[in-house]
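This is what each chain is made of:
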Amino acid sequence: MRIVTWNVNSLNARQDYVGHYLDAESPDVLCIQELKMEEDKIPRDLFEERGYPHLAIHGQKSWNGVLIASKSPLENVAKGLPEVDDGQSRMIAATVGGLRLVNLYCPQGQNVDSPQFPYKLAFFDGLVRWLGEHCDPSQDLLVVGDLNVAPAARDVWSEEALAGVPSYHPKEHARWARLLDFGLEDVVEPRVEAGTFSFWDYRGGAFRFNQGMRIDHILATRSAADRVVEAAIERPWRKKVEGLTASDHAPVSVTLD
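Residues numbered from 1 in each chain as written. Predicted model: local features only at pLDDT ≥ 70, side-chain atom pairs only at ≥ 80, totals over all residues. Heavy atoms only, no water.

## Some thoughts on the sheet that holds strand β3 (residues 54-58)
Phase 1: Taken together, the six strands give an open sheet; going across it, the order is β3-β4-β2-β1-β14-β13, and neighbouring strands pair in mixed fashion. Lying at the two open borders of the sheet, with one neighbouring strand each, are β3 and β13 (228-233). Sheet twist, expressed as the average angle between the axes of neighbouring strands with direction ignored, equals 10 degrees.
Phase 2: In the packing of helix α1 (residues 11-25) onto the sheet, the strands contacted are β1 (2-7) and β2 (29-33), and the crossing angle to β1 comes to about 155 degrees. (Pairing = 2+ DSSP bridges. Helix = DSSP H or I, 4+ residues; strand = E, 2+ residues; numbered from the N terminus. Axes fitted to C-alpha atoms, helices over the stretch in contact; angles between N-to-C directions. Contact = heavy atoms within 4.5 Å.)

Given below as structure tokens:
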């Protein structure tokens, strides 16, 4: 089973690009973040015509939004983290083929003086509580998505430039550690070289100069991690395709036996 997570930075703007990706790569499950669309606006035919009849959607007008598109049935769908998400559409979970998937678009945090930064920290605290209440670390589970945290020096283009900045802040690293302590491990990090990033700003030639961060992740419980045969950050899909502008994030994939 091949599962892909991808922040598309607006599904409305990226419909044709996502279509190209699905035609070329055809993963079994695609987890999308930053839909920026309400559920009734989602172009279902984009997925259904390509063999993804099973959709779980948690949308929101103009902002946020998460979606799981699957070739196989999705069961036990859960939406939102009402204790901490302040009504923002940032989490959707479902079970496919016995594997529990939690798809997240975590807050970015803006800057440390912004109210968005404590919101981000509280979101992670609430996420860990929710996992403890609703998920079993002894079973097959993947937590995927744009988590907006670069965990280590190897995951940022410059420690000096990003020191103390949201996405690479000690308080976020402490939350990351608590998330892993639930019983999760990063299954992408050991399979990519240091300096392999998943996000590059559109500005300043960041992609051309590889000034990026690895903030899109696939975390697995031990039993699911033991099934991983391959994981990758698909950097070529950050480039234009037939004149279509890519997202500022690359897809991240994992294959389980």
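## A closer look at the pairing of strand β7 (residues 99-105)
Phase 1: Across the seven residues that make up β7, a large majority, seven, are buried.
Phase 2: Alternating residues of β7 divide into L99, L101, N103 and Y105 and R100, V102 and L104, and every residue in both groups is buried.
Phase 3: In this structure, strand β6 (residues 91-96) lies alongside β7, joined through six bridges in antiparallel fashion. Along β7, the bridge assignment pairs A93 with V102.
Phase 4: For the segment spanning β7, helix α3 (residues 116-134) and strand β8 (residues 141-146), crossover handedness is right-handed. (Buried < 20%, exposed > 50% of the residue type's maximum accessible area, 1.4 Å probe, protein only. Right-handed = clockwise from strand over helix to strand, strands pointing away.)

## Digging into unusual backbone geometry
Phase 1: Located in the positive-phi region is Q110, a residue other than glycine, with phi close to 55 degrees.
Phase 2: Considering the arrangement of structural elements, one finds Q110 in the loop between β7 and α3.
Phase 3: Backbone geometry places N148, a non-glycine residue, at a positive phi of 55 degrees.
Phase 4: Relative to the helices and strands, N148 is located in the loop between β8 and α4 (159-162).
Phase 5: Residue N148 is classed as buried on the basis of its relative accessible area of 5%.

## Points about the side chain of R14
Phase 1: For R14, the location among the structural elements is in helix α1.
Phase 2: D248 provides the closest opposite charge to the buried, salt-bridge-free R14, at an N-O distance of 6.2 Å.
Phase 3: Within the structure, R14 has its side chain in polar contact with the backbone oxygen of V8 (distance 3.0 Å).
Phase 4: In this structure, R14 is in contact with V8, N9, Y202, T245, A246 and S247, ignoring residues within four places of it in sequence. (Lys, Arg positive; Asp, Glu negative; His and termini not counted. Salt bridge = Lys/Arg side-chain N within 4 Å of Asp/Glu carboxyl O. Polar contact = N/O pair within 3.5 Å; in protein donor to acceptor, adjacent residues only side chain to side chain.)

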